[in-house]
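# Overview (structure and organization)
Listed below, chain by chain, are the residues.
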Amino acid sequence: MSNVALATRGPVNGTPEAKKVAVGSGVGAVIETYDFIGYGTAAALYFGTVFYPSEDPLVGTLLSFATLGVGFLARPLGGVIGGHLGDKVGRKPVLVASLIAMGLATFVIGLLPTYAQVGILAPILLVTVRIIQGIAFGAEWGGAILMSYEHAPWRRKGAFTGIVQAGFPVGLLLANLTFLVSVHLPGDWAWRVPFLASIVLVVVGLIIRAKVPESPVFEDVKAKDEVIKSPVVEVIKKDWRNILRGIGLRVAETAGYAVSVTYMISYINTNGLAEPSQTLTALCIGAGVGVFATWGWAALTDKVGRKPLYVWVTGFAVLFAIPMFLLVNTGSLLLIIATIVIAYAVCQNALAGAQGAWFPELFTANTRSSGASLAYQFSAIVSGFTPFLTTLLFISFGWVGPALLFALYAAIGLVSALLTRETWGPAERAQTEIEAERQLARDAERV
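Residues numbered from 1 in each chain as written. Predicted model: local features only at pLDDT ≥ 70, side-chain atom pairs only at ≥ 80, totals over all residues. Heavy atoms only, no water.

## Regarding the overall build of the chain
- Scanning the chain for helices and strands turns up 19 helices and zero strands.
- Relative to a compact globule of 447 residues, whose C-alpha radius of gyration would be 22 Å, the chain shows 21 Å and is just as compact.
- For the chain, the C-alpha atoms occupy an extent of roughly 75 × 40 × 40 Å along the three principal directions.
- In the chain, which comprises 447 residues, the proportion classed as buried is 58%.
- Of the contacts formed within the chain by residues at least 6 apart in sequence, a portion of 87% connects residues at least 24 apart.
- In the structure as shown, the chain presents an accessible area of about 16500 Å², 71% of it carried by carbon and sulfur atoms.
- Across the chain, the mean location of the 31 positive side-chain charges is 4 Å away from that of the 27 negative side-chain charges. (Helix = DSSP H or I, 4+ residues; strand = E, 2+ residues; numbered from the N terminus. Rg over C-alpha atoms; globule rule 2.2 N^0.38 Å. Buried < 20%, exposed > 50% of the residue type's maximum accessible area, 1.4 Å probe, protein only. Contact = heavy atoms within 4.5 Å. Areas by Shrake-Rupley, 256 points an atom, 1.4 Å probe, with all protein chains shown as cover. Lys, Arg positive; Asp, Glu negative; His and termini not counted. Charge placed at Lys NZ, Arg CZ, Asp CG, Glu CD.)

## Let's talk about the nonpolar core
- Among the nonpolar cores identified, the biggest contains 79 residues, and Tyr 267, Ile 268, Phe 325, Ile 336 and Phe 359 are the most heavily contacted of them.
- Per-element accounting of this core gives the leading share, 16 residues, to helix H11 (residues 231-270).
- Those residues in contact with Phe 325 that lie beyond four places of it in its chain are Val 259, Tyr 263, Met 264, Tyr 267, Trp 399, Pro 402 and Ala 403.
- In this structure, Phe 47, Val 50, Leu 126 and Trp 191 belong to the second largest nonpolar core, which totals 19 residues. (Core = buried A, V, L, I, M, F, W, Y, C linked by side-chain atoms within 4.5 Å.)

## Looking at helix H6 (residues 121-151)
- Its 31 residues place the ends of H6 46 Å apart at the C-alpha level, agreeing with the 45 Å of an ideal helix rising 1.5 Å per residue.
- Counting buried residues in H6 gives 23 out of 31 residues, a clear majority hidden from the surface. (Expected span 1.5 Å × (residues − 1).)

## Some thoughts on helix H4 (residues 91-109)
- End to end, H4 covers 28 Å across 19 residues, agreeing with the expected 27 Å (1.5 Å per residue, within 8%).
- For H4, the complete set of buried residues consists of Arg 91, Val 94, Leu 95, Ser 98, Leu 99, Met 102, Gly 103, Ala 105, Thr 106 and Ile 109.

## Quick look at the packing of aromatic side chains
- If you walk through the whole model with that rule in mind, you get 13 aromatic pairs.
- On the numbers, 6.2 Å between centres and 85° between planes, the contact of Phe 137 with Phe 168 is edge-to-face. Of this pair, Phe 137 sits in helix H6 while Phe 168 is found in helix H7 (residues 157-182), placing the two residues 31 residues apart along the sequence.
- Exposure remark for Phe 137: the relative accessible area of 7% places this residue in the buried category.
- On the accessibility criterion, Phe 168 (13% relative accessible area) is buried.
- Ring geometry for Trp 141 against Phe 359: centres 6.2 Å apart, planes inclined by 80°, an arrangement best described as edge-to-face. In this pair, Trp 141 is assigned in helix H6 and Phe 359 in helix H14 (residues 333-361), connecting sequence segments 218 residues apart.
- Through a chain of ring-to-ring contacts, the aromatic side chains of Tyr 263, Tyr 267, Phe 325, Phe 394 and Trp 399 assemble into a single cluster. (Phe/Tyr/Trp six-rings, centres within 6.5 Å; stacked < 30°, edge-to-face > 60°.)

## What about the environment of Val 80?
- Relative to the elements of secondary structure, Val 80 occurs in helix H3 (residues 57-88).
- Spatially, the C-alpha atoms of Val 80 and Ala 287 are 29 Å apart, while their sequence positions differ by 207 residues.
- Those residues in contact with Val 80 that sit more than four places away from it in its chain are Val 232, Leu 374 and Phe 378.

## Some thoughts on the side chain of Asn 349
- Tracing the backbone through its elements, the reader meets Asn 349 in helix H14.
- Take Asn 349: its relative accessible area is 0%, and that puts it in the buried class.
- Among the polar contacts made by the side chain of Asn 349, one reaches the side chain of Gln 348 at a distance of 2.6 Å. (Polar contact = N/O pair within 3.5 Å; in protein donor to acceptor, adjacent residues only side chain to side chain.)

## Side note on a nonpolar patch on the surface
- A cluster of nonpolar side chains, contributed by Tyr 115, Val 118, Ile 120, Leu 121 and Ile 124, occupies part of the molecular surface with about 440 Å² of accessible area.
- At the level of elements, helix H5 (115-118) and H6 are the ones that each hand at least two residues to the nonpolar patch.
- By the secondary structure assignment, Tyr 115 is in helix H5. (Patch = residues over 30% accessible without salt bridge, like charges linked within 9 Å, V, L, I, M, F, W, Y side chains within 5 Å. Salt bridge = Lys/Arg side-chain N within 4 Å of Asp/Glu carboxyl O.)

Below, the structure is given as structure tokens:
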């Protein structure tokens, strides 16, 4: 990689605010994930009967998961909007606006009337708010990850973006801990309270994010008058191959998660393999491990590269697909917990950790927000409807259907990883050491 390309990563030794920016971006990721993923838990446990009453619980689950998918379907639109604005007006405004939109939408879910109260209007309102959630979540990631990436030192891009990516398991943990507590509340309060409580997190997140400075890379692009009029159009025209590769990389992670965690919760509960509280406990343990696993995997990519980790883990996931369901089918709580921990902390967290630095490095500075966001969010179309699809596969083929789908997603990620260029290999790491020494020498001369 040329020195010019390396320079688009920001200051070689990072900015003085790098840690504060990473933490601020990570806190926002916690809140957005709490809001968005919390819906997945509610859909699996409650919404099938609350918003879609049916004599057949399986039909209610299908309809609930379909609404879950609508939010994922809206995420690419959020990615387009957020990516465009991130390249046009800056990364920071996107962070703040997406957090406000997500927070208000989530709070409103806690106020929605049920089907028993207003009939068909209830699921219509739920779908509308879910679309707003999807747009906000789609816009958020690109801004958060680029702020952290472009402030971070070259040698630790993985570790710093890993802080942001670790915000997702933290949000998952908080959401499910809240549901674990609220499950004991009477009636509809069991699912309303977690959504209403999110407003507190939003206020905290806005206070933190308002204090972080804009990305130095975007400021440099703006100073050089290199802001592109239509960055989304430009990146699709010139870098569509990397967008497609990124979508493939993401499918293994996010659609794989939809099978191994989101659908698995419903599968375990529907088949009486564990009590709802036990399932949530297993998920909380997995998320707790995932907080540290995500950051650890991300930091590891600074030492071994982004690509090797992806190849290793997607290969493992292909082999783990059948054993994952066999272990859960035993009904042993210990094995269920172990399975969820492996599925989440390895098969999902490792891939998410690598993406934080790999995706921004695939695109140029003035189209980076658009390119990374499009690659990241368009895969959500697949993952959003995966719980719905897995339910259909289970009806037709039993647990083997969802297991093979998980293996297929992992295989797509493996092939995509093999076809995607390494952005942090030995050559880039060696050049970084040279540039860092030069920068230290220049700093010493100024003193």
